[in-house]
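# Descriptive analysis of the structure
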Amino acid sequence: MAYKRHIDRLPIIPADAKKHNVTCHYCIVGCGYHAYTWPVNKQGGTAADANAFGVDLAEQQPAETEAWYAPSMYNIVRQDGKDVHLVIKPDHGCVVNSGLGSVRGARMAENRRSDKTGTQQQRLTEPMVWRYGTWQPTSWNDALDLVARVTARVIDKDDEDDLFVSMFDHGGSAGGYENTWGTGKLYFGSMKVRNCRIHNRPAYNSEVHSTRDMGIDELNYAYEDYTLTDTIMLVGTNPLECQTNLFLNHMVPGIRNGAKVIIVDPRRTVTTNACEVEAGAENVLHLAIKTGTDLALFNTLFTYIADQGWVDKDFIAASTFQGDVAVGLDEAHPAALGSFEMARAKCRTSLAEGASITGLSEADIVKAAEWIAKPKDDGSRRKCATGYEKGIIWGNDNYRVIGALMNIGLATGNIGREGGGVCRLGGHQEGYFRPSDAHVGRPAPYIDQLIIGGRGKVHHIWANDHYKTTLNATEFKREYNRRTNMVKDAMDAHAGSTREQLVDAIVGAINAGGLFSVNVDIIHSQIGQAAHVILPAVESGEMNLTSMNGERRLRLVEKYMDGPGNAKPDCLIAAGIAQNLERVLREQGRDAYADQFKGYDWETEEDAFMDGYHSGNPEVTYDRLRAMGNNGVQEPVVGYENGKLVGTKRLYTDGRFTRHGREDGKALFCGGEWRGLQAPGKAYQRDNFAFLINNGRANVIWQNWFLDKANDFVSDRFPIPYIEINPEDMADLGVKAGDLVEVFNDVGATQALVYPTPTARRKETFMVFGAPNGAQGNIVNAGTNELMLPNYKHTWANIRKISDAPASAADLSFKSMEYSAG
């Protein structure tokens with residue numbers, strides 16, 4: 001019997017089932033799937049012409065057959081108002097995953113809302129407004145009218161600073177080009193909202209300012225480069241868990257082709273273990289640095305490689321800035337940018353210095369440099385493909401660290417080269433297309449601290465849950481609840497009043513220090529508990545949605561099912577807010593301002609796509625993307641020939657670097673010397689609390705558990721978020737596997753379930769980021785890197801036992817997550 005699904009058989013997909021192109025909406029890899037739908041009163045047969053697989057199912061199929069699907073890939077959903085069978089299974093013809101399915105993507109079907117099977121009943125189905133002490137269902141017209149009237153009272157033409165906005169900037173589940181355009185056009189086109197933030201950080205900014213300032217887009221290679229390279233370098237990333245099929249379908253073949261692997265991470269991860277199994281331990285170099293010392297390591301590597309002459313002199317001469325400083329250090333640029341020699345001088349770090357700061361041996365640093373850049377015996381240059389992620393993006397001294405890593409790629413000519421690249425590995429897919437955000441400024445406002453300080457009157461939230469994914473979360477939640485409760489009290493006191501009287505009461509509470517909160521989401525989130533208006537959105541597969549993956553591969557996910565209830569695409573919700581603002585402003589005689597909200601007469605998400613992304617990329621349409629299937633086209637799209645969109649396999653093959661906007665097309669090096677822990681308060685925590693509380697993602701859990709908290713497969717495996725602790729530290733703390741512990745420091749406290757991890761270093765632990773019932777953000781202080789980038793990774797705290805293992809943990813396995821070759 002299939003796990004927890006009370007079924008011992010599944011229906012056969014009929015030959016005439018509808019087949020839809022689907023890109024997995026979880027991680028950035030963007031694996032290809034197909035969604036099959038057909039009426040519930042029908043199924044296929046075993047004969048080859050009676051099923052979608054085209055094979056005789058009466059015969060035993062081989063182990064690697066495509067002619068099967070797992071129970072997790074099946075559900076019953078609504079399509080055009082009727083119940084249909086749904087199967088979402090991997091596409092063997094997609095070059096991204098070649099038929100592989102991750103533990104996340106292969107559960108897409110079971111994570112669809114179904115009134116027949118009972119899955120995802122947590123999904124929002126109707127707009128809701130706070131009335132009579134709770135959230136009451138209502139119509140779109142009623143909800144949007146209230147949003148527009150309250151919002152219109154606190155904004156005016158050219159003065160929208162009292163409207164705060166939190167909005168996603170990604171593709172995938174809740175994003176995509178349609179939805180980023182809808183929200184972007186509203187807040188950056190019709191308005192010029194300055195006080196806004198992104199879903200995973202407290203300001204509206206890039207996570208990779210320095211690479212862009214150096215002229216290099218952060219997604220510049222093709223996944224196939226991992227199969228063509230000599231060395232794979234992974235920095236602050238754990239791709240086996242976080243980009244599973246990028247690792248399995250591209251990195252592992254590269255390793256089997258002979259690529260050596262360098263892993264820079266203070267923690268031994270399952271990726272390290274897997275690389276050792278595949279390559280042999282002698283071909284894997286784990287640089288287990290002291291946390292936060294990446295900059296010193298990269299500067300040492302850069303210095304050593306340059307001193308040995310292992311640089312690409314022709315590339316440096318032809319494609320990089322010649323001179324000294326091109327962009328000076330200032331508030332917007334936390335390091336000088338300029339020539340190779342300038343950076344070499346500023347970043348100079350000896351082997352002895354680098355080893356002392358990082359805790360590594362000089363020999364291992366030299367070995368890493370040799371694997372990256374030492375010419376081969378025949379004199380040819382080594383290729384090195386580098387992937388980095390949140391370990392340094394959300395780590396210490398973001399701007400300089402990423403710039404220093406880029407220096408190595410530029411110096412060795414490994415950007416724009418087959419088998420090379422220095423790229424983010426990513427979280428969500430990307431799908432950003434918005435009007436200019438230049439008015440926001442740089443550095444951008446630190447929104448969460450402004451809210452804590454009493455700023456802002458109305459807060460529009462789009463697919464964000466800062467209660468789980470922000471820093472200084474304890475204080476933020478406390479203050480957000482206090483301010484929004486002021487408005488709830490005012491609304492309760494004016495139950496039965498006219499709309500005008502209610503708006504007056506809300507504005508009165510706002511002016512007394514309250515905050516009016518509007519939450520757009522697919523579930524009733526934790527921050528949504530504080531909202532006054534809740535607007536239900538649909539997600540990937542419930543709408544047509546376009547986004548690109550980590551190698552800039554653009555695909556169209558076709559709508560294969562109805563959204564729950566009256567939920568709408570985010571872009572159409574944004575259009576509804578704009579239309580209601582225009583109407584309310586005209587009623588108030590503010591016609592000049594109302595005119596700014598014209599142009600939202602979209603009836604479908606495709607209308608929003610054509611209004612936005614298509615306007616900047618006229619070759620791209622839904623029909624053309626549909627024809628490209630799950631392999632799509634790699635951006636930028638440069639033409640349309642012979643019935644196919646023409647894309648770009650990898651960027652900068654011509655040696656011209658344009659991300660910074662410089663007309664000369666020359667890349668810039670970054671001159672940033674080591675300066676210790678840069679974010680305020682980090683050194684204090686390190687020196688006053690016993691344990692490093694590292695954090696990240698886990699394979700079976702995704703992002704902030706937004707769907708997983710209502711999924712039995714996940715909640716049974718991890719009913720409580722875990723903390724990995726060395727067994728010797730467990731003995732000192734007096735705790736056993738499964739016990740609950742409190743993690744606490746000078747800014748807050750949280751809890752977790754103890755998971756013994758012998759490979760964890762003493763006094764260094766690891767928690768799952770963004771958990772709903774154990775938010776690591778509760779103990780992250782308010783200090784950010786320059787340009788308002790969060791430093792989630794460098795948090796120290798003490799640990800104490802709360803209780804023995806709860807009943808929900810009684811049957812949990814605490815087996816090592818590493819696997820062996822046998």
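Quick caveat, the model's predicted, so the values are computed rather than measured.

Further remarks concern the overall build of the protein chain. Helix and strand counts for the protein chain come out as 25 helices and 32 strands. Taking the principal axes of the C-alpha coordinates as reference, the protein chain spans close to 80 × 70 × 65 Å. Here the protein chain, with 822 residues, has 63% of them falling under the buried criterion. Restricting to contacts in the protein chain with at least 6 residues of sequence separation, those with at least 24 account for 76%.

With that out of the way, let us pick up the pattern of salt bridges. Within the structure shown, the criterion is met by 65 salt bridges. Asp-217 serves as the salt-bridge partner of Arg-659, at 3.2 Å between the closest nitrogen and oxygen. Taken together, the residues span a long stretch of sequence, with Arg-659 in the loop between strand E23 (644–646) and strand E24 (669–671) and Asp-217 in the loop between helix H3 (209–213) and helix H4 (225–228) at a distance of 442 residues. According to the relative accessible area criterion, Asp-217 is buried, its value standing at 18%. Across the pair Glu-673 and Arg-400 runs a salt bridge whose closest N-O atoms are separated by 3.7 Å.

Of the pairings in the sheet, the one linking strand E25 (residues 691–696) to strand E32 (residues 796–803) comprises two bridges and is antiparallel in character. Bridge assignment links Leu-692 to a residue of E32, and that residue is Trp-796. By the bridge criterion, five bridges tie strand E27 (residues 740–744) to E32 in an arrangement that is antiparallel. Bridge pairing links Phe-744 to Asn-798 in E32.

Once that is clear, we can look at the domain arrangement of the protein chain. For the protein chain, the domain assignment lists domain 1 (18–111), domain 2 (128–206 + 444–608), domain 3 (220–429), domain 4 (614–646) and domain 5 (682–809). Centre-to-centre separation of domain 2 and domain 5, based on C-alpha positions: 31 Å. At the interface, 25 residues of domain 2 touch 24 residues of domain 5. For the pair domain 2 and domain 5, the summed buried surface comes to about 1800 Å²; carbon and sulfur atoms form 57% of the total. Inspection of the domain 2/domain 5 interface yields zero salt bridges. Where domain 2 meets domain 5, there are nine residue pairs in polar contact (both at pLDDT 80 or more).

A surface patch of like charges, here negative, comprises Asp-601, Glu-603, Glu-606 and Asp-607. Asp-607 gets classed as partly exposed once you look at its relative accessible area, which sits at 31%.

The description of an aromatic ring pair rests on the distance of the ring centres and on the angle between the ring planes. Counted by the stated rule, this structure contains 29 aromatic pairs. Ring centres 6.4 Å apart and planes at 35 degrees place the aromatic pair Tyr-69 and Tyr-74 in the tilted group. The same class applies to Tyr-69 as to Tyr-74, namely buried. The interplanar angle of 75 degrees and the centroid separation of 6.3 Å between the aromatic rings of Tyr-187 and Trp-462 together place this pair among those described as edge-to-face.

What follows covers the state of the cysteines. Inspection of the entire model under this criterion finds zero disulfides. A disulfide-free cysteine, Cys-347 has its sulfur positioned 6.3 Å from the sulfur of Cys-670, the nearest such atom. Looking at Cys-347, the relative accessible area reads 1%, which means it is buried.

In this section: the nonpolar core. Counting residues in each nonpolar core, the largest one holds 191 residues, and the members touching the most others are Leu-146, Tyr-187, Met-191, Met-233, Tyr-388, Trp-462 and Phe-516. Of the residues forming this core, the biggest block, 10 residues, is contributed by helix H18 (residues 570–587).

Further remarks concern the environment of Trp-140. The residue Trp-140 is located in helix H1 (residues 140–154) in this model. Separated by 436 residues in the primary sequence, Trp-140 and Gly-576 place their C-alpha atoms 8.6 Å from one another. Beyond its immediate sequence surroundings of up to four residues, Trp-140 is in contact with Pro-127, Leu-535, Pro-536, Asn-566, Ala-567, Lys-568 and Ile-573. Here Asn-566 takes part through its backbone oxygen, which lies 2.8 Å from a polar atom of the side chain of Trp-140.

Attention now goes to the sheet that holds strand E20 (residues 553–557). Two pairing modes exist for strands in a sheet, parallel and antiparallel, and in both the strands are linked by backbone hydrogen bonds. Read from one edge of the open sheet, three strands run E19-E20-E21, paired in antiparallel fashion. The strands lining the two open edges of the sheet, one partner per strand, are strand E19 (545–548) and strand E21 (633–634). Bridge count for E20 against E21 is two bridges, and the pairing is antiparallel. Note on E21: the bridge partner recorded for Leu-554 is Val-633. On top of the sheet, helix H2 (residues 177–190) reaches E19 and E20; it is set at about 100 degrees to E19, its chief contact.

About the criteria used
- Residues numbered from 1 in each chain as written.
- Predicted model: local features only at pLDDT ≥ 70, side-chain atom pairs only at ≥ 80, totals over all residues.
- Heavy atoms only, no water.
- Helix = DSSP H or I, 4+ residues; strand = E, 2+ residues; numbered from the N terminus.
- Buried < 20%, exposed > 50% of the residue type's maximum accessible area, 1.4 Å probe, protein only.
- Contact = heavy atoms within 4.5 Å.
- Salt bridge = Lys/Arg side-chain N within 4 Å of Asp/Glu carboxyl O.
- Pairing = 2+ DSSP bridges.
- Domains from an automatic or database assignment.
- Buried area = accessible area lost by both parts, 1.4 Å probe.
- Polar contact = N/O pair within 3.5 Å; in protein donor to acceptor, adjacent residues only side chain to side chain.
- Patch = residues over 30% accessible without salt bridge, like charges linked within 9 Å, V, L, I, M, F, W, Y side chains within 5 Å.
- Areas by Shrake-Rupley, 256 points an atom, 1.4 Å probe, with all protein chains shown as cover.
- Lys, Arg positive; Asp, Glu negative; His and termini not counted.
- Charge placed at Lys NZ, Arg CZ, Asp CG, Glu CD.
- Phe/Tyr/Trp six-rings, centres within 6.5 Å; stacked < 30°, edge-to-face > 60°.
- Disulfide = S-S within 2.5 Å.
- Core = buried A, V, L, I, M, F, W, Y, C linked by side-chain atoms within 4.5 Å.
- Axes fitted to C-alpha atoms, helices over the stretch in contact; angles between N-to-C directions.

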